[in-house]
Amino acid sequence: MIAFDYARPRTLAGALKASADRPGARFMAGGTNLLDLMKLGIERPEAIVDVSALDLRRIEALEEGGLRIGALVTNAELAAHPLVRTLYPMLSRALLAGASGQLRNQATTAGNLLQRTRCYFFYDPASPCNKREPGSGCSAIGGFNRIMAVLGTSDECIASHPSDMAVAMRALDALVETRRADGSTRCIGLDRLYRLPGETPHLEHSLLPGEMIVSVRLPPPPPGRQTYRKVRDRASYAFALVSVAAVVHVFDGRIASARLAFGGVGTMPWRDAAAEAALIGAAPTSESFERAADVVLAGAKGHGGNDFKIPLLRRTLTACLKQITEDQR
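Residues numbered from 1 in each chain as written. Predicted model: local features only at pLDDT ≥ 70, side-chain atom pairs only at ≥ 80, totals over all residues. Heavy atoms only, no water.

Peer 1: Would you take a moment to explain the nonpolar core for this structure?
Peer 2: When a protein is soluble and globular, its nonpolar side chains tend to lie buried together. Leu78, Leu91, Leu113, Met169, Phe262 and Leu313 are the most contacted members of the largest nonpolar core, which has 92 residues in total. Examining the composition of this core, we find that seven residues originate from one element, strand 10 (residues 242–251), more than from any other. (Core = buried A, V, L, I, M, F, W, Y, C linked by side-chain atoms within 4.5 Å. Buried < 20%, exposed > 50% of the residue type's maximum accessible area, 1.4 Å probe, protein only. Helix = DSSP H or I, 4+ residues; strand = E, 2+ residues; numbered from the N terminus.)

Pasting the structure below:
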């Protein structure tokens with residue numbers, strides 16, 4: 001066993017101080033990802049700051065509309081909340097499509113956002129992995145890569161991001177609110193929270209040492225219909241091969257607004273502003289849906305075993321767009 005320090009503060013200030021006082025500390029709440037990685041020796045934190053006792057479990061309606069979701073709200077609580085089910089049904093569906101009931105009861109909102117890839121080679125200490133050990137190589141490139149990404153990859157890493165919740169939140173323009181021990185705060189969009197692998201795939205997000213996500217803020221829901229569709233190998237407890245979160249508003253026979261985010265195919269929860277722009281002003285037809293798919297897939301790159309994800313993403317996207325525009329025409 002690898003020794004580590006452990007602290008379980010009762011206040012946010014205490015948690016931030018505990019982290020600041022312990023270089024290499026990691027925050028832990030549900031532990032559904034971190035503990036597994038520690039057992040395998042992939043994560044070796046010098047200290048664990050257990051934040052499960054903090055008062056960060058509230059879901060609050062904001063005066064200007066939207067919601068503030070505490071970092072420790074569980075996935076099960078968030079999926080079942082009446083305001084989430086009513087205003088953000090795609091988020092509820094994405095959460096219910098992720099993991100098992102037992103894990104949803106334990107996993108937290110902040111932990112879900114920061115979970116690490118499920119790449120086979122990342123989880124295998126005997127295999128070279130640039131995400132786990134920078135400079136060692138990427139075993140997935142040229143190896144078994146069925147579940148790997150086709151968007152946002154680099155010559156150093158093609159690991160896909162595993163979260164369903166983050167895909168829906170990316171489409172909803174979610175912001176994470178953070179705190180540090182020095183009192184500083186930040187509000188970060190998911191497009192800036194996550195980092196593309198580039199030459200540094202081990203750096204997955206933009207949080208600073210000791211910076212803790214305390215809540216997630218959702219703006220008022222966008223107009224139009226929402227959907228989340230996940231394609232996977234089995235009906236439950238499987239990570240996405242392809243997933244699509246879509247919000248489309250049709251007015252007077254034309255698409256007035258569109259938001260599209262994708263899971264299972266990107267090295268981060270993927271969103272394509274150019275594909276959204278290609279839909280706006282167009283009639284909701286198969287031709288316009290195919291054009292949007294062309295834009296999304298323009299930069300897609302398969303690596304043999306995951307080539308099928310490219311046509312699968314096209315079919316899933318066009319099917320979702322057809323579904324949510326049919327009764328708006």
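Peer 1: Where do I start with helix 11 (residues 286–297) in this structure?
Peer 2: For an α-helix, 3.6 residues make a turn, and residues three or four places apart therefore share a direction. Between the first and last C-alpha of helix 11 there are 16 Å, a value that for twelve residues agrees with the 16 Å anticipated at 1.5 Å per step. Next to the buried residues of helix 11 lie strand 11 (254–263), helix 10 (273–279) and helix 12 (309–325). (Expected span 1.5 Å × (residues − 1). Contact = heavy atoms within 4.5 Å.)

Peer 1: How do you make sense of the sheet that holds strand 6 (residues 175–179) when you look at a structure like this?
Peer 2: Pairing between the strands of a sheet comes from backbone hydrogen bonds, and it takes one of two forms, parallel or antiparallel. The five strands lie next to each other as 4-5-8-6-7, forming an open sheet whose pairing is antiparallel. Looking at which strands have only one partner, the edges of the open sheet turn out to be strand 4 (59–61) and strand 7 (185–189). The sheet shows a mean angle of 25 degrees between the axes of neighbouring strands, direction not considered. Pairing of strand 6 with strand 8 (residues 212–218), which is carried by five bridges, proceeds in the antiparallel orientation. Considered in strand 8, the bridge of Leu175 is made with Arg217. (Pairing = 2+ DSSP bridges. Axes fitted to C-alpha atoms, helices over the stretch in contact; angles between N-to-C directions.)

Peer 1: Explain the pairing of strand 6 here, please?
Peer 2: Here is the key point about a regular strand: its side chains alternate between the two faces of the sheet. In the sheet, strand 6 pairs with strand 7 via five bridges, with the strands oriented antiparallel. Its bridge partner lying in strand 7, Thr178 is registered against Arg186. Between the antiparallel neighbours strand 6 and strand 7 lie five residues, among them Gly183 with a positive phi of about 90 degrees.

It is worth stressing that arrangement in space is one thing and function is another; only the former is reported here.
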